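# A look at the structure
The residues making up each chain are set out below.
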Amino acid sequence: MLGFCRGRRKFLAASFTLLFVPAVTWIYLFTGHFDDGKSVSLSPLDTQPHSPRYAASSQRESLEVRVREVEEENRVLRKQLNLVQGRSSVHRYGNRSKTYSNEEGTGDSENLRAGIVAGNSSECGQQPVVEKCETIHVAIVCAGYNASRDVVTLVKSVLFHRRNPLHFHLIADSIAKQILATLFETWMVPAVRVDFYDADELKSEVSWIPNKHYSGIYGLMKLVLTKTLPASLERVIVLDTDITFATDIAELWAVFHKFKGQQVLGLVENQSDWYLGNLWKNHRPWPALGRGYNTGVILLLLDKLRKMKWEQMWRLTAERELMSMLSTSLADQDIFNAVIKQNPFLVHQLPCFWNVQLSDHTRSEQCYRDVSDLKVIHWNSPKKLRVKNKHVEFFRNLYLTFLEYDGNLLRRELFGCPSETDINSENLQKQLSELDEDDLCYEFRRERFTVHRTHLYFLHYEYEPAADDTDVTLVAQLSMDRLQMLEAICKHWEGPISLALYLSDAEAQQFLRYAQGSEVLLNRRNVGYHIVYKEGQFYPVNLLRNVAMKHVSTPYMFLSDIDFLPMYGLYESLRKSVVQLDMSNTKKALIIPAFETLRYRLSFPKSKAELLSMLDMGTLFTFRYHVWTKGHAPTNFAKWRTATTPYRVEWEADFEPYVVVRRNCPEYDRRFVGFGWNKVAHIMELDAQEYEFTVLPNAYMIHMPHAPSFDITKFRSNKQYRICLKTLKEEFQQDMSRRYGFTALKYLTAENNS
C-alpha cells in the first residue's frame, strides 16, 4: 500500500508541476509585466478608446483570453487527477514511525493548493478540502518593536501562498498595536481582516506565573486565548512570530477535520531533548509526554476547550507543578505539556513538517526526508539564521525571500470570493475614479491619493519628553542614498529625532543591518525610524514629512532636511528660545538661517563668529545663493550677521526657510511630489494661518554637498514635469484663496510679480 501511495505521490508531484507552470505564467501575465519592461495597468478606466493606456488595455484582453485557455487546460488535467487517489507519507519521529494522510485533495484551481487530506487513515483516498471562500483564523501574540518586524515576515509568507480570506487576531501590547494597526491599514490587502486584543489587560491573568523564558509575560498569553478571543470563534491557528510558511495555510486549517473524540489541541512533537532531561547534568524539565510538544504552532478547537473548562484545567496544573518547579523555563510550552501529560487524549499529533524547529538542540533533520516536504519553518533559536542544520542554507534563503519580498505584490484579490470593502478603500477608489486619465498631469495627481504601506518605529524607540514642555524633535525624511547622513546628524543633535525613510522591502533590511552595525545609532534610543515603502514613480516628499511629523511626541518640531547638519548645541538653544519667545502662547515659526558648503570635508564651525569668518573666506555661502536666492533671501542674512536678538521678517514669494513650530502646525500638501515647491507651499500656509516668522540670531545649519537627486534631474530635463508643477502651484494658490479668503489674494499677486 505504501509503495502504491508513493508512486501516486510522484505522479501527483509531476501533475502539480504541470498545473504550477501555467499558474505562474498566469500570475506573471496578470501582473502585466512584459519583456519590454513596461507595466500594464488593469484598471477598468484603461479601456477607454482615447486613453493613453488603450493599447495596454487591448493587450490585457488578449491576455485574458489566454488565461481562460490555461484554465481550461487545468480543468482537463484536474479531471485526470480525480482518477488518482490521495497519498500518504511516512514521517519519522525519533525512533518511532507514523503514517499520515497528507496534502491536496481535488477541487477547482483555487482550492488545489488549499486542499489537504483529512482523517488519520493510513490508506490513500480522496479527503475533504477547505471551502474555497472559508475564512481562516490566525492568532499571534506580539509585543514590542522587534516582534512587530518578525510578524511582518510571517504574514508575508502566509499571504504569498494563501487562497482563502484571512482573519488575524493579534494579542498585542500598545507598541505593537500602534505599529501593526498602521501597517495593515496602509497595506490594504484584500480579504484580510485584523482585530487587536490588549495584551496589557491580560497580564493579570498570567502574571502570577514565574517565568524565566526571554519572551517574558507575553510568552504565557497563549494559555488564555479561549477567554480572550470571541466566544463565537470555534477554531484558530496559533503561531509564534518566528514562523515562516512554505505552503498554503489552508492545508494546516484542513487538519482540524482530522481531530477525533476529545482531541482539541493540534501540536508537533518537540524536536529537542529538552523534556527528556538529558541536555546537561541535573537538568530538570517540566513533566511532558515523551519528548513533549512544541507550541510554536498550535491548532486550538476553542469551542470544545471552553466546554472542557480549559481555564480551570491549565491553572490547576500550573499551580500544582509550580510548587516543585518554582518557575517555567519555556513559558506556555511547559504548562501545555504538563496538562497533556495528565490528559494525553487532548492532543492530535501533527506531522513534524508543520513545525520544523531550527535550534541547535533539535533533531529536526530526523523528522523529514526532503526539504520539499516541509510546510512550516520555526526559527526558535536566538541565533536564528546561524543554527546548525544540513539544510540551513535552504531555510535561510526561504526566510530571506520573504524578509525582502515586496509586500505591495501581495495586494491581490481573491478571485471568486466576495470581499468586504472598507470605507478607506471605497474613498480611494472614488477619488481615483474622479481623475481624468487623459490629463497630462494624471500621474502627479494620482500620487496624491496613493496609499503607501508604512511601518512605524522600525527600530526600538525609547523617549519621554521633558516635563517642562520645551522639548523639540528634529523632523526629516530620506531615501537610501542619504543614509550616510544619519550618524553625523545624531552627533550634532542630541534631542529626539523623527525620520521617515522611503525604502523598498529589500532596502529596509539593508538599513536594519546598517543601523545595527553602527555604534552611534545603536546608542540612540530617541530616534524614531518610520519606513514608508516605495510605490509609484515619484518621491512622495511631503507624505514622508507628514508621517515623520505625525509621530512627534514633543510639543515642538524642528522641520529640517536630512542633508543639513545643525550647529552643535542647537537642541538646547532651541529649548531656551521656546521659553524666551513664549511660543506656548503665540503662533511663531522660528527660522534657523541656512548655509551651505561645496566641500565634502568641512571643519564645522563651532560658533557664529567662526561661521562668519568662513563666509568671508568663501568656505561657506548662504544657502542656494547662486541658484535660488529667493528661497532664503527674506531671512535677511546681512542683518543676521550683526543681530544679537531675534528679529521678525515678512513672508515673500518662494520663501522656504527651515523652521521650529508647534506640533499642531498644518501638514505639508501632498500634491507636491519630487522636486519643487514642496516647502514653499507649506511656508505659505503657515503665513496664511498668521504664524509670525522670527529669525534666531545665534542659530544656524549647514547643507552638506551630495549628488543631485533623481527628482531634480527629472525637473531639469523633463519639460512636462515643469509644466505640471506650474499647474499644481496655480491650483494650490486657488485652493488657498478659497480657504483663507481675501487675505490669500496676496499670494497670487506676489507670484505674478515675482
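Being a predicted model, the structure only gives us computed values, none of them experimental.

## A few points about helix H6 (residues 199–206)
Along H6, the positions that sit buried rather than exposed are Ala-199, Leu-202, Glu-205 and Val-206. Down the axis of H6, the sector holding all buried residues measures 80°, keeping them to one side. H6 presents Glu-201 and Ser-204 as exposed residues on the side facing more than 90 degrees away from its buried surface. Two or three places before Asp-200, at the start of H6, stands the capping residue Asp-198, its side-chain oxygen 2.9 Å from that residue's backbone nitrogen.

## Regarding the environment of His-169
Checked against the element boundaries, His-169 lands in strand E4 (residues 166–172). Once the C-alpha coordinates of His-169 and Leu-229 are considered, the two residues, 60 residues apart in sequence, prove to be 7.8 Å apart. Sequence-distant contacts of His-169, that is, excluding residues within four places in its chain, are made with His-137, Val-138, Ala-139, Ile-140, Asp-195, Tyr-197, Leu-229, Pro-230 and Leu-233. A distance of 2.9 Å separates polar atoms of two side chains, one belonging to His-169 and the other to His-137.

## Description of the state of the cysteines
As used in these notes, a disulfide is a covalent bond between sulfur atoms, one from each of two cysteines. Following the criterion strictly, the structure yields 2 disulfides and no others. Covalently, Cys-133 is tied to Cys-417 through a disulfide, its sulfur atoms 2.1 Å apart. On the sign convention where negative is left-handed, the bridge of Cys-133 and Cys-417, at about -95° about the S-S bond, is left-handed. Taken together, the residues Cys-133 in the loop between helix H3 (109–112) and strand E3 (136–142) and Cys-417 in the loop between helix H12 (392–403) and helix H13 (423–433) connect sequence positions 284 residues apart. What makes Cys-133 partly exposed here is its relative accessible area of 30%. On the basis of relative accessibility, which here comes to 11%, the residue Cys-417 falls in the buried class. The partner cysteine of Cys-441 in its disulfide is Cys-724, sulfur to sulfur 2.1 Å.

## What to know about the pairing of strand E9 (residues 293–301)
Judged by how many residues are buried, E9 sits mostly within the fold: 9 of 9 residues are covered. Of the strand pairs in this sheet, strand E6 (residues 235–239) and E9 are connected by 5 bridges, and their pairing is antiparallel. Looking at the pairing, Ile-237 lines up with Leu-299 of E9. Here strand E8 (residues 265–269) pairs with E9 via 4 bridges, running antiparallel. Opposite Leu-265, over in E9, you have Leu-300 as the bridge partner.

## Focus on the sheet that holds strand E14 (residues 472–479)
Strand order in this open sheet of 9 strands is E13-E16-E15-E14-E17-E23-E19-E24-E22, and the pairing throughout is mixed. Strands with a single pairing partner mark the edges of an open sheet, and in this sheet they are strand E13 (454–455) and strand E22 (647–649). Two elements, E14 and strand E15 (residues 497–503), share 6 bridges in a ladder whose sense is parallel. Across the sheet, residue Val-475 finds its bridge partner in E15, namely Ser-498. The strands that helix H16 (residues 505–516) touches are E15 and strand E16 (527–533); relative to E15, the one it contacts most, it runs at about 135°.

## What about the sheet that holds strand E12 (residues 376–378)?
Spatially, the 3 strands line up as an open sheet ordered E7-E12-E11, and their pairing is mixed. Across the chains shown, the open sheet's two edge strands, defined by having one partner strand only, are strand E7 (243–245) and strand E11 (356–357). Here E11 pairs with E12 via 2 bridges, running parallel. Bridge assignment links Gln-357 to a residue of E12, and that residue is His-378. Across the sheet, H12 lies against E7, E11 and E12, angled at about 85° from E7, the strand it touches most.

## Quick look at unusual backbone geometry
At Tyr-457, a position not held by glycine, the phi torsion is positive, near 45°. With respect to the helices and strands, Tyr-457 occurs in the loop between E13 and E14. For Asn-636, which is not a glycine, the phi torsion comes out positive at approximately 65°. Mapped onto the fold, Asn-636 is located in the loop between strand E21 (621–622) and helix H21 (637–642).

## Some words on the pairing of strand E24 (residues 692–695)
In this sheet, E24 lies alongside strand E19 (residues 588–592) in parallel orientation, the contact comprising 4 bridges. Bridged to Leu-590 within E24 is Thr-694. Pairing of E22 with E24 involves 3 bridges; the strand directions are antiparallel. Looking at E24, one finds that Tyr-647 is bridged to Val-695.

Conventions we followed
Residues numbered from 1 in each chain as written. Predicted model: local features only at pLDDT ≥ 70, side-chain atom pairs only at ≥ 80, totals over all residues. Heavy atoms only, no water. Buried < 20%, exposed > 50% of the residue type's maximum accessible area, 1.4 Å probe, protein only. Helix = DSSP H or I, 4+ residues; strand = E, 2+ residues; numbered from the N terminus. Arc of directions from axis to C-beta. Polar contact = N/O pair within 3.5 Å; in protein donor to acceptor, adjacent residues only side chain to side chain. Contact = heavy atoms within 4.5 Å. Disulfide = S-S within 2.5 Å. Pairing = 2+ DSSP bridges. Axes fitted to C-alpha atoms, helices over the stretch in contact; angles between N-to-C directions.

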